[in-house]
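# Coordinate analysis (summary)
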Amino acid sequence: MPHSSSAAYIATYKKISEDIINAILKGEYTAGEYLPSLNEVCDMYSVSKITALNAYKELVVKNIIVSKPGIGYRIVPDVMAVLADNFRSSIINSMSEAIKISRWLGINSEDATKMFKQLWNETATA
């Protein structure tokens, strides 16, 4: 079982990568733009260099940014398409898990569809 300090570490680098994704979605960072240096991220979040590096590595693995050795980290040109694919995959995984649980609970597809539509409508007004 991980220590709470390692859980906090994971949460920190994931928060940094999520903040960058949110900034891209808001247009604060654009395709082709370089992100702040690792040292700048360390200062912005008061984290170690390894934490900042792991946040960027997570974005590299997700194909959202690329590393330019000696220059920095740059947002990929087709970042919005990459993000759409990533979100689509995440939604499919979440829905697959919800379907499994629904089946275990004996919820049929019609009732599950009603629940989905209700949630869809509720979040449209939120």
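Residues numbered from 1 in each chain as written. Predicted model: local features only at pLDDT ≥ 70, side-chain atom pairs only at ≥ 80, totals over all residues. Heavy atoms only, no water.

### Topic: the overall build of the chain
The line we're drawing: Secondary structure elements are taken from DSSP: a helix is a run of H or I of four residues or more, a strand is a run of E of two residues or more, and numbering for both begins at the N terminus. Taken over C-alpha atoms, the radius of gyration is set against a globule rule of 2.2 Å times the number of residues to the power 0.38. Each residue is assigned to one of three classes by its accessible area relative to the maximum for its type, calculated with a 1.4 Å probe on protein chains only: buried under 20%, partly exposed between the two thresholds, exposed over 50%. Working rule for contacts: check all heavy atoms of both residues, and any pair within 4.5 Å makes them a contact. All accessibility values rest on the Shrake-Rupley procedure with a 1.4 Å probe; residue burial counts only the protein chains present in the view. His is not counted, nor are the chain ends; Lys and Arg add positive charge and Asp and Glu add negative charge. Taken as the charge location is NZ of Lys, CZ of Arg, CG of Asp or CD of Glu.
Looking only at helices and strands, one finds five helices and two strands in the chain. Across the chain, helices and strands are ordered from the amino to the carboxyl terminus as α-α-α-β-β-α-α. For a compact globule of 126 residues, the expected C-alpha radius of gyration is about 14 Å, and the chain comes in at 19 Å, more than 25% above that figure. Expressed along its principal axes, the backbone C-alpha trace of the chain runs to roughly 55 × 40 × 25 Å. Looking at the chain residue by residue over its 126 residues, the buried ones come to 25%. Here the analysis covers contacts within the chain between residues at least 6 apart in sequence; of these, 53% occur between residues at least 24 apart. Of the roughly 8900 Å² of accessible surface on the chain, 60% is carried by carbon and sulfur atoms. Of note, the chain has its 13 positive side-chain charges centred 4 Å away from the centre of its 13 negative side-chain charges.

### Examining helix α4 (residues 79–105)
The following threshold applies: Expected span of a helix, by definition, is 1.5 Å for each gap between consecutive residues, and there is one gap fewer than residues.
For α4, spanning 27 residues, the distance from its first C-alpha to its last is 39 Å, which sits close to the expected 39 Å at 1.5 Å a residue. Of all the positions in α4, only Val-79, Val-82, Leu-83 and Ser-102 are classed as buried. Count one or two residues on from α4 and you reach Gly-106, which has phi positive near 80°.

### So, the nonpolar core
Operational definition: Residue types Ala, Val, Leu, Ile, Met, Phe, Trp, Tyr and Cys, when buried and joined through side-chain atoms within 4.5 Å, form a set referred to as a nonpolar core.
Of all hydrophobic cores here, the largest spans 24 residues; its most connected members are Ile-20, Ile-24, Tyr-56, Ile-64 and Ile-65. Those elements that place two or more of their residues in this core are α1 (4–25), α2 (38–45), α3 (49–61), β2 (72–75) and α4. Not counting residues within four places of it along the chain, the set of residues in contact with Ile-24 comprises Tyr-29, Ile-64, Ile-75, Val-79, Met-80 and Leu-83.

### A closer look at the pairing of strand β1 (residues 65–68)
Two faces, one strand: in a regular strand the side chains alternate between the faces of the sheet. Counted only if it meets this: Pairing between two strands requires that DSSP report at least two bridges joining them.
Sheet topology places β1 next to β2; four bridges connect them, and they run antiparallel. Note that in β2 the partner of Lys-68 across the bridge is Gly-72. In this structure, the hairpin formed by β1 and β2 is closed by a connection of three residues, where Gly-70 is found at a positive phi of approximately 80°.

### Quick word on a nonpolar patch on the surface
Here is the rule: Surface patches are defined over residues having more than 30% relative accessible area and no salt bridge, joining like charges when they lie within 9 Å and nonpolar side chains (Val, Leu, Ile, Met, Phe, Trp, Tyr) when within 5 Å. We define a salt bridge as a side-chain nitrogen of Lys or Arg found within 4 Å of a carboxyl oxygen belonging to Asp or Glu.
A surface patch of nonpolar side chains, about 720 Å² in accessible area, is lined by Leu-25, Met-80, Phe-87, Ile-91, Met-95, Phe-116 and Trp-120. Those elements giving two or more residues to the nonpolar patch turn out to be α4 and α5 (109–124). Per-element accounting of the nonpolar patch gives the leading share, four residues, to α4. Position of Met-95 among the secondary structure elements: in helix α4. Residue class for Met-95 comes out partly exposed when judged on its relative accessible area of 38%.

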